Amino acid sequence: MSGTLTRGERRRLATLLSPAYLWLTVAIFLPLSAMLFFSFASEMPGGDTAWQLTLDNYREVFASPTYLILLRKSLILASTVTLICLAVGFPCALVLAKSIRGRSREALFLLVILPFWSNSLVRIFSWAIVLRGNGVLELGLEAVLPFDIRLNLMFTTGAVIIGLVHSYLPYVILTSYLALQAIDDKLIDAARSMGASPLTILRRLLIPLSASGLIAGAVLVFVPIVGSFMEPRILGGRVGTYYGTVIEDQFVAVYNWPLGAALSFVLLAVVLVILGLAAPALRRGAA
Amino acid sequence: MKLSLIAATALAFAAHAAAADEIRVLNWQGYGTDIGWSLEAFEAATGHKVVNEYFNSEQEMLTKLRTNPGAYDVVMINAAFTAQAMAEDLIAPIDTAAIPNFADITPNFAGDSKLVHDGQVYGVPWTWGLTSIAVNTGAYPDPPASLDTMWDPAHQGRVSIRDDAVEAVQFGALATGQDINDIQDLDAVRDKLASLMPQLRTFWGSENDWNQYMAAGEFDVATYWSGSAARSIAQGLPIAFVVPAEGAIGWLDSLSIPESSTRKEAAAQFIDWMIDPEFYVKWDLEGAPTSANAKAIEALPDTSFNKQVVADPDLLARVQFQAPLSDEDRETYLKLWQALKAAQ
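Residues numbered from 1 in each chain as written. Chains lettered and ligands numbered in written order. Predicted model: local features only at pLDDT ≥ 70, side-chain atom pairs only at ≥ 80, totals over all residues. Heavy atoms only, no water.

**Here we look at the packing of aromatic side chains**
The geometry of an aromatic ring pair comes down to the distance between the two centres and the angle between the two planes. Across all of its chains, the model carries 27 aromatic pairs over all chains by this definition. A centroid spacing of 6.2 Å and a plane angle of 70° characterise the contact between F38(A) and W257(A), whose relative ring orientation is edge-to-face. A residue pair is termed long-range when its members are at least 10 positions apart, and F38(A) in helix α1 (residues 7-38) and W257(A) in helix α13 (residues 257-286) qualify at 219 residues. Exposure remark for W257(A): the relative accessible area of 24% places this residue in the partly exposed category. Taken together through their ring pairs, the aromatic side chains of W28(B), F55(B), W204(B), W210(B), Y224(B) and W225(B) make up a single cluster. Sitting over the face of the ring of Y242(A), K73(A) holds its NZ or CZ atom 4.5 Å from the ring centroid. Against the face of W151(B) rests K192(B), its NZ or CZ located 4.3 Å from the ring centre. (Phe/Tyr/Trp six-rings, centres within 6.5 Å; stacked < 30°, edge-to-face > 60°. Helix = DSSP H or I, 4+ residues; strand = E, 2+ residues; numbered from the N terminus. Buried < 20%, exposed > 50% of the residue type's maximum accessible area, 1.4 Å probe, protein only. Lys NZ or Arg CZ within 6 Å of the ring centre and 35° of its normal.)

The following block contains the structure:
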């Protein structure tokens, strides 16, 4: 196929692509531009008070240590959850892709995807029932174990991490599974016949070849967790204040949309910088 | 013939629609305006159907009024916010002549400067109450005398306050012996609240939250509203409402009519219904805040929680009523509260 397109091909291409681009414009570009605009406004445009364009919102974000402390806290939370998701998700995907065949694989897959079918709020409240003092988990363990036990997991950072890992683990399993599935079994057989130990196969063959899936999963999990607010608020209690909950407060509790928008774009910038710094590693992994 | 019949039906339908409005009420959930039996009786008496919508914070209420003009006909506003809503032209002056029960409202409340501007009434005093503390009677056989009990290490991890900057700061002012409407030593409030943080189990957000945590035995003592306490006690929760030596924060809730409402007459009828003694006496059985209508309080049985609260002048002397708050102070309190939460 040559580089230049005929007029007919071009028209067909435009017809095929226009719905996607139209959707992107309407659903993502327009609202995001409106928010970017709000982040530079001194008051909420459209209200009765006069407003002008200003950098004050961004100045406020960087002037107060509160937001930077919370941003750091959110980044640490996102890294922790991402690492746990990878550590738990990759072995699951490996077993699913390479060891299990037929009906049982389908059944296990269903179990992985099942959480996606329920509302995330319902999932979090279920965790609250499980984790709280005298809750399902404590009663269950008490029934099995001979000694007295008091977990008190609810309203701790641990509870937030458990809730987030549960919500985001399927992404890592699915992306890793797809990447592992693409690896030819003959490669593994060949390695084994040359005397490679299982650990060597994992380290030199499986992880490098499925890196694209692992990285895609990590990005899919890391980015939304930095801005997560629902899980920390419900499961975190006193320690559940994060960058995302402060943004939510600005929008729904104190009606400071400009500051909320500025906080959101600072978050977006930070995430882009992190992804940019990781880009060389990501490219190497994906290649 | 056929045509005229259709026209007549249409006319009758239009007339019916004009007389029977659907009014939309904006309020906290489970707070008086959404009681099933009352709304049925109101619809039977006036033909107006009532639809409730809810907010979770005063700021959210103002946001909803600003962003949905025409969507609401009656809005419940804490009197400390009425001036702000009025200044933003969100609410209209109310024709009190259309509200017969208005004459029976306790004069102090009816003439409250937070609700009346230039002789015009912008909010009909509905209920009032206290923000103080409530204790789990299982953990406290005798009610505590002082707020200090929340800082008592014996109750560590079993204390809660609401996640609300203003309430938290004013509560800190009470605990440090200051005037909640004129806080002189904000650093003392900050230190006092900072030392409360490790005591907390979690923050509570709504009455429903509070009831669930209390019922699950998560809290020994938590800040609470008197009206909600009356309701929780009526539901059988083992709690006691306490006004400690340091006093309590008083609030006044009023019903207002949004400027953008197109059914102001029906709205006034509903407000009259809400302050009616007959409705209040029944509401009180389910746990209600204290009515601003003196006749309604008189009509209560002597054992009622609300009559006891009102009849205790000693207690009332310790109450500090919330005044309107300037935007600067609100901002300062919010920053203080956010910084305290972020440090956890």
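Moving on from the model shown.
**As for the pattern of salt bridges**
Within this structure, the stated rule accounts for 26 salt bridges over all chains. Among the ionic contacts, a cluster of salt bridges with common partners joins R233(A), E248(A), D249(A), D163(B) and K341(B). (Salt bridge = Lys/Arg side-chain N within 4 Å of Asp/Glu carboxyl O.)

**Here's the deal with the pairing of strand β2 (residues 49-54) of chain B**
Residues and elements named next belong to chain B. Bridge count for strand β1 (residues 22-27) against β2 is six bridges, and the pairing is parallel. Paired with V25 across the strands is N52, a residue of β2. In terms of handedness, the path from β1 via helix α2 (residues 36-46) over to β2 forms a crossover that is right-handed. (Pairing = 2+ DSSP bridges. Right-handed = clockwise from strand over helix to strand, strands pointing away.)

**Structural notes on the nonpolar core**
V81(A), Y243(A), W210(B) and F270(B) are the most contacted members of the largest nonpolar core, which totals 133 residues. For this core, the element with the highest residue contribution is helix α3 (residues 65-99) of chain A, accounting for 13 residues. L174(B), I183(B), V242(B) and L325(B) belong to the second-largest nonpolar core, a separate cluster that totals 33 residues. (Core = buried A, V, L, I, M, F, W, Y, C linked by side-chain atoms within 4.5 Å.)

**Some words on unusual backbone geometry**
Non-glycine residue F155(A) carries a positive phi angle of around 65°. Within the fold, F155(A) resides in the loop between α6 (136-144) and α7 (157-181). For F155(A), a relative accessible area of 6% translates into the label buried. You will see that D118(B), though not glycine, has its phi angle at about 55°, which is positive. By the secondary structure assignment, D118(B) is in the loop between β5 (116-117) and β6 (120-121). Taking relative accessible area as the criterion, D118(B) reaches 81% and is therefore assigned exposed.

**Focus: the environment of E265(B)**
Following the sequence through the fold, E265(B) ends up in helix α10 (residues 264-274). Sequence-wise, E265(B) and A92(B) are 173 residues apart; in three dimensions their C-alpha atoms are separated by 12 Å.

**Topic: the side chain of R201(B)**
Assignment of secondary structure puts R201(B) in the loop between α7 (186-196) and α8 (207-215). R201(B) gets classed as buried once you look at its relative accessible area, which sits at 12%. A polar contact of 2.5 Å, which involves the side chain of R201(B), links it to the side chain of E218(B). Beyond its immediate stretch of four places on either side in the chain, R201(B) contacts G133(A), N152(A), M154(A), F155(A), R238(A), G157(B), V159(B), E218(B) and F219(B). (Polar contact = N/O pair within 3.5 Å; in protein donor to acceptor, adjacent residues only side chain to side chain. Contact = heavy atoms within 4.5 Å.)

**A closer look at the interface of chain B and chain A**
Between chain B and chain A, the residue contacts involve 26 residues of the former and 25 residues of the latter. Where chain B meets chain A, there are three salt bridges. Two residues, D163(B) and R233(A), come together in a salt bridge whose shortest N-O distance is 3.8 Å. The element best represented in the side of chain B that touches chain A is helix α15 (residues 327-342) of chain B, accounting for seven residues. Class assignment of the residues belonging to the side of chain B that touches chain A gives a composition of nine nonpolar, seven polar and ten charged. (Nonpolar A, V, L, I, M, F, W, Y, C, P; charged D, E, K, R; others polar.)

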